[in-house]
Number of protein chains: 4
Amino acid sequence: MRAASAKRQRLMAAAAQVVHQQGAERTTIADIARAADVPVGNVYYYFKTKDELVAAALAEHSRHLRDLTERLERLPDPRERLKGLVETWVGQRDLAARYGCPTGTLAAELDKRDEGGLDAEAGKVIRLLLEWAEQQFRELGLPEPDGLALTLVGAYQGMSLLANALRDPQIMTREGARLIGWLDSLV
Amino acid sequence: MRAASAKRQRLMAAAAQVVHQQGAERTTIADIARAADVPVGNVYYYFKTKDELVAAALAEHSRHLRDLTERLERLPDPRERLKGLVETWVGQRDLAARYGCPTGTLAAELDKRDEGGLDAEAGKVIRLLLEWAEQQFRELGLPEPDGLALTLVGAYQGMSLLANALRDPQIMTREGARLIGWLDSLV
Amino acid sequence: MRAASAKRQRLMAAAAQVVHQQGAERTTIADIARAADVPVGNVYYYFKTKDELVAAALAEHSRHLRDLTERLERLPDPRERLKGLVETWVGQRDLAARYGCPTGTLAAELDKRDEGGLDAEAGKVIRLLLEWAEQQFRELGLPEPDGLALTLVGAYQGMSLLANALRDPQIMTREGARLIGWLDSLV
Amino acid sequence: MRAASAKRQRLMAAAAQVVHQQGAERTTIADIARAADVPVGNVYYYFKTKDELVAAALAEHSRHLRDLTERLERLPDPRERLKGLVETWVGQRDLAARYGCPTGTLAAELDKRDEGGLDAEAGKVIRLLLEWAEQQFRELGLPEPDGLALTLVGAYQGMSLLANALRDPQIMTREGARLIGWLDSLV
DNA sequence: CATGAATGAGCCTTCATTCAT
DNA sequence: CATGAATGAAGGCTCATTCAT
């Protein structure tokens, strides 16, 4: 991977944010350049195509996810880690109600494509989350940790989508509380 | 609402299908016209703007939903109706794994827009489903039927998104089975 | 000329009005059809092309002009006729301030065209007015009646254009008064 | 106002000329691009919409007018300035007979519009001419200089329109001579 | 003649990408 | 590496005109 110059870094962050807010299709290179305060013509020295910029946005989300899980792993109890994850989601309820889950909405958008392989890229980020959750469930000694992870992450994607579609952050709060209860109930 | 001529009907069906597969943004009027076997210029006789066509696609999904719930309502037991709903979802697992839930992905895409009011339109269709589910839970005499509906529909959206992102229809099967079990466990 | 059925008559009147208000280029066949309350597809039984409709608008203005001059000719004194003409112009000051002289603005628009011969058609209507005015000046025994007609009609076109461009009907009143004074001063 | 690059300047000149000849409505962006020898897509780098190009054409005419009045102001006598103005008009008789007064015909066309505000813009250019003429009449110590300006400019617009409608440059010569005589007669 | 529907050419505009300096 | 400018391929939409019934 190329050295992450300040400008490149700025472009990635801008891409992540703008694409989350506007969607990949409606986002123009100029939008991202403006948000990153980089001249349009210069963008292409860091990212050869628009798809690379979208991939960068995805990588940025991936990095955020890694940061989050690393922070959560400082908690000794896997159950607490999972509950911390849910609390983080609920903490971002306003953003979710406005623009949905950054990775989920992007994945949904990219999965409509036939070419470019970006769809698989989005799947990978989601898989990272799934695997991390699975690992926690496994450490708790629970059966079918992969199925539990699927249920947890699926619930997150579902509640984000509903909160977004209905423009109601309360949905995040409500379903978040239910998930916390569910996590506590697992033995 | 306008009388649905055969051609108009064909355009609506084509719009629903093509938009589901390609997304609203990547779908061109020409794509829909081709799928409906209608000359491009003629499309505008039935729908004045592209947005109207997207709204028509949404209406088509809404109609499908109504057809489905009407069919399910022939079942005497609300619990069976809900289980039938889940089975329908699982039955469409291949489509969901390829393109996601038609309404959910469209809602996610439209919610990125600032103008046009189509985002609210998508929310309405999802709300229809929520309300129908809520009604079934209510008839079962369960507490907080609205919360249960949220959980059910959220699970559907989540599993569709995961199945789509991971290109794995088995996710629909697996989570579907879990939902059936959950429905059976509710007292 | 074809027999003027009621519908054809309505289309001519509508064409004259709508073209005056919107200009020939911005006026669609549908606009005229709507104003005349005639189905779009039916228009072509009366006018084979849009140009024919514009020509019809011109003919309508020509007819209005003939009506006006015939009315004025009931006055015994040619000078009074000419003053009556000016008074008529001033009486239409609000329309002129909003849309200009129907014939003048149409002539200006059509004169930009290379083909179709409609430009010459517009010139003919203006020439009718010029010739009528010239005849009055001649009857007054004034020298160079054609030059006087040119001055009078030119003043009318100029004041209409200025009133229109500055959206000020007062210009019509002011210049009209001046023209009356001028007519009175001619010996 | 933006710095006028050579290409932008070329586009403005081309817009002024082509719009004068064809009218704003019949002029396509491609026409202007071709006349300026600029690729179509590139036009939008300088002018965001077609309306901006029309406004640029108007500004170009405004600039021409300013150049002319500045040149005329080198003459010591205001009356000579006004006569010089008329002579300039007569000098352009062939252009006027073919396409009318650039500003006047454009104003007439734009005044048919309801939106965009371009109509007011055209009015401003005409007002500039009126105000300059008024100033000259004022310096001559004549009463009602604004009325005199209206008469002069109105006569110009009228004779341009008639010359154009009748395709006869002689009208410019004839009416120009009359205006010269009129200017000389004012005391 | 009547009429809703059909057709296709053309226009404005956007934008990813490339180029010259 | 920087940057403003250039380029061309679409895409949405309008509309005069024609057609089928």
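Nothing here was measured: the structure is a model prediction, and the numbers come from that model.

Conventions used here
- Residues numbered from 1 in each chain as written.
- Chains lettered and ligands numbered in written order.
- Predicted model: local features only at pLDDT ≥ 70, side-chain atom pairs only at ≥ 80, totals over all residues.
- Heavy atoms only, no water.
- Helix = DSSP H or I, 4+ residues; strand = E, 2+ residues; numbered from the N terminus.
- Rg over C-alpha atoms; globule rule 2.2 N^0.38 Å.
- Buried < 20%, exposed > 50% of the residue type's maximum accessible area, 1.4 Å probe, protein only.
- Contact = heavy atoms within 4.5 Å.
- Lys, Arg positive; Asp, Glu negative; His and termini not counted.
- Charge placed at Lys NZ, Arg CZ, Asp CG, Glu CD.
- Buried area = accessible area lost by both parts, 1.4 Å probe.
- Salt bridge = Lys/Arg side-chain N within 4 Å of Asp/Glu carboxyl O.
- Near = heavy atom within 4 Å.
- Polar contact = N/O pair within 3.5 Å; in protein donor to acceptor, adjacent residues only side chain to side chain.
- Nonpolar A, V, L, I, M, F, W, Y, C, P; charged D, E, K, R; others polar.
- Least-squares fit on C-alpha atoms with pLDDT ≥ 70 in both.
- Core = buried A, V, L, I, M, F, W, Y, C linked by side-chain atoms within 4.5 Å.
- Phe/Tyr/Trp six-rings, centres within 6.5 Å; stacked < 30°, edge-to-face > 60°.
- UniProt positions renumbered as here; feature names shortened; annotations may be inferred.
- Expected span 1.5 Å × (residues − 1).
- Axes fitted to C-alpha atoms, helices over the stretch in contact; angles between N-to-C directions.
- Parallel < 35°, antiparallel > 145°, perpendicular 65-115°, else oblique.
- 1 Å grid on protein atoms, 1.4 Å probe; cavity = no way out; pocket = protein on both sides within 12 Å on 5 of 7 lines; lining within 4 Å.
- Points joined across faces, edges and corners; volume = space filled by probe spheres on them.

**Remarks on the overall build of chain A**
A count of helical and extended segments in chain A gives 10 helices and zero strands. Reading the secondary structure of chain A in the N-to-C direction produces α-α-α-α-α-α-α-α-α-α. Whereas a compact globule of 187 residues would reach a radius of gyration of roughly 16 Å, chain A reaches 17 Å, a difference of no more than 12%. The dimensions of chain A, computed from C-alpha atoms along their principal axes, are 55 × 35 × 30 Å. For chain A, buried positions account for 55% of its 187 residues. When contacts within chain A are restricted to residue pairs at least 6 apart in sequence, those whose partners lie at least 24 apart make up 67%. Averaging the coordinates of the 25 positive side-chain charges in chain A and doing the same for the 27 negative ones gives two points 5 Å apart.

**Quick word on the interface of chain A and chain B**
Each side of the interface is counted separately: chain A has 41 residues, and chain B has 41 residues. Summed over both partners, the interface of chain A with chain B comes to about 3,600 Å²; 56% of that surface belongs to carbon and sulfur atoms. When the buried area of chain A at its contact with chain B is split by residue, R26(A), K112(A) and R174(A) rank highest and sum to 19% of it. Linking chain A with chain B are 12 salt bridges.

**Things to note about the protein's contact with DNA strand F**
Surveying the vicinity of DNA strand F reveals 25 residues, the closest of which are K50(B), K7(D), P39(D), Y45(D) and Y46(D). Among the atoms of DNA strand F close to the protein, meaning within 4 Å, 75% are from sugar or phosphate groups. Within the contact set of DNA strand F, a phosphate oxygen lies 3.1 Å away from a side-chain nitrogen or oxygen of Y46(A). Counting residues per element, the ones that place at least two in the surface near DNA strand F are helix 3 (40–43) of chain A together with helix 3 (40–46) of chain D. Per element, the largest residue contribution to the surface near DNA strand F is four residues, and it comes from helix 3 of chain D. Residues belonging to the surface near DNA strand F are distributed by class as follows: 10 nonpolar, 10 polar and five charged.

**Describing the relation of the copies chain A and chain B**
For the pair chain A and chain B, the superposition axis carries a translation of 0.0 Å, the fit reaches an RMSD of 0.1 Å, and the rotation angle comes to 179 degrees. The transformation just described matches what one would write down for a two-fold rotation axis. Scanning chain A for the C-alpha nearest the rotation axis identifies G158(A), at a separation of 1.9 Å.

**Notes on the protein's contact with DNA strand E**
Neighbouring residues of DNA strand E: 26 residues in total, closest K7(B), P39(B), Y45(B), Y46(B) and K50(D). Close to the protein, within 4 Å, the atoms of DNA strand E are drawn from sugar and phosphate at a rate of 73%. The backbone of K50(D) places a nitrogen or oxygen atom 2.7 Å from a phosphate oxygen of DNA strand E. Elements that contribute at least two residues to the surface near DNA strand E include exactly helix 3 (40–46) of chain B together with helix 3 (40–43) of chain C. In terms of residue class, the surface near DNA strand E is built from 10 nonpolar, 10 polar and six charged.

**Topic: the side chain of H20(C)**
For H20(C), the position within the fold is in helix 1 (residues 6–22). Only 2.7 Å separates the side chain of H20(C) from the backbone oxygen of G100(C), close enough to count as a polar contact.

**Description of the nonpolar core**
Formed by 128 residues in total, the largest nonpolar core has its most connected members in F137(C), L152(C), W89(D), F137(D) and L152(D). When residues no more than four places from it in sequence are discounted, the contact partners of L152(C) are L82(C), L85(C), V86(C), W89(C), A133(C), F137(C), L179(C) and W182(C). If you look at the next biggest cluster of nonpolar residues, it comprises 110 residues, including A57(A), L58(A), A96(B) and A107(B).

**Regarding the relation of the copies chain C and chain D**
Each copy of the sequence occupies a distinct position, and chain C is placed on chain D by a rotation of 179 degrees and an axial shift of 0.0 Å, giving an RMSD of 0.1 Å. When the interface residues of chain C are mapped onto chain D, 100% of them again fall at the interface, so both copies present the same face.

**Comments concerning the packing of aromatic side chains**
Residues and elements named next belong to chain B. In this structure the tally under the stated criterion is 10 aromatic pairs over all chains. A ring pair is formed by W89 and Y156, whose centres lie 3.9 Å apart and whose planes are at 5 degrees; its orientation type is stacked. Residue W89 is found in helix 5 (residues 78–91), and its partner Y156 is found in helix 9 (residues 145–165); the two are separated by 67 residues along the sequence. Per residue, the accessibility class of W89 equals that of Y156, and both read buried. With a centroid separation of 6.1 Å and 65 degrees between ring planes, the pair formed by F137 and W182 is classed as edge-to-face. On the criterion of sequence distance, the pair formed by F137 in helix 8 (residues 118–139) and W182 in helix 10 (residues 170–185) is long-range, its members being 45 residues apart.

**Comments concerning the UniProt feature "domain: HTH tetR-type" (unreviewed entry) in chain A**
Cross-referencing UniProt, the feature "domain: HTH tetR-type" (unreviewed entry) maps to residues 5–65 of chain A in the present numbering. Span residues 5–65 of chain A is 74% helix and 0% strand, its end C-alpha atoms 21 Å apart.

**Examining helix 1 (residues 6–22) of chain A**
Residues and elements named next belong to chain A. Between the first and last C-alpha of helix 1 there are 24 Å, a value that for 17 residues agrees with the 24 Å anticipated at 1.5 Å per step. Within helix 1 the residues assigned to the buried category are R8, L11, M12, A14, A15, A16, V18, V19 and H20. Looking at the buried side of helix 1, the elements it contacts are helix 2 (29–36), helix 3, helix 4 (50–72), helix 6 (93–99) and helix 7 (102–110). Following helix 1 by one or two positions, G23 has its phi on the positive side, about 90 degrees.

**Observations regarding unusual backbone geometry**
Although it is not a glycine, E144(B) sits at a positive phi angle of roughly 50 degrees. Residue position: E144(B) is located in the loop between helix 8 and helix 9.

**Describing the interface of chain C and chain D**
Many structure descriptions define interface size as the accessible area lost when the parts assemble. Taken together, the 41 residues of chain C in the interface contact 41 residues of chain D. Where chain C abuts chain D, roughly 3,600 Å² becomes buried across the two surfaces, and 56% of that area is made up of carbon and sulfur atoms. A per-residue breakdown of the area chain C buries against chain D is headed by R26(C), K112(C) and R174(C), which together make up 19% of the total. Our enumeration of links across chain C and chain D arrives at 12 salt bridges. Among the salt bridges present, the one from E144(D) reaches R174(C), with a minimum N-O distance of 3.2 Å. Connecting chain C to chain D are 26 residue pairs in polar contact (both at pLDDT 80 or more). Mapped onto the side of chain C that touches chain D, the elements with two or more residues apiece are helix 1, helix 6 (93–99), helix 7 (102–110), helix 8 (118–139), helix 9 (145–165) and helix 10 (170–185) of chain C. Among the elements that line the side of chain C that touches chain D, the one with the most residues is helix 9 of chain C, at 12 residues. Residues of the side of chain C that touches chain D, tallied by class, amount to 13 nonpolar, 13 polar and 15 charged.

**A few points about the packing of helix 5 (residues 78–91) of chain D against helix 10 (residues 170–185) of chain D**
All names here are of chain D. One can describe the packing of helix 5 onto helix 10 by two numbers: an axis separation of 9 Å at closest approach and a directional angle of 175 degrees. When the axis of helix 5 is compared with that of helix 10, the two are roughly antiparallel. Residue-level inspection shows R79, L82, K83, V86, E87, W89 and V90 of helix 5 in contact with helix 10, the latter providing M172, T173, G176, L179, I180, L183 and D184. A per-class count over the contact of helix 5 with helix 10 returns eight nonpolar, two polar and four charged.

**Description of the pattern of salt bridges**
Overall, the coordinates contain 68 salt bridges over all chains when judged by the stated rule. For the salt bridge of E134(D) with R138(D), the shortest nitrogen-to-oxygen distance reads 2.6 Å. In this pair, E134(D) and R138(D) both sit in helix 8 (residues 118–139), four residues apart, roughly one turn of the helix. Because the salt bridges share partners, they merge into one network encompassing E25(A), D51(A), R113(A) and R26(B).

**Considerations on the layout of surface pockets**
In this structure, the largest pocket occupies an estimated 710 Å³ of space. Lining of the largest pocket is provided by 31 residues; of these, T151(C), R178(C), W182(C), R178(D) and W182(D) occupy positions nearest its centre. If you list the elements that add at least two residues to the lining of the largest pocket, you get helix 9 and helix 10 of chain C together with helix 9 (145–165) and helix 10 of chain D.

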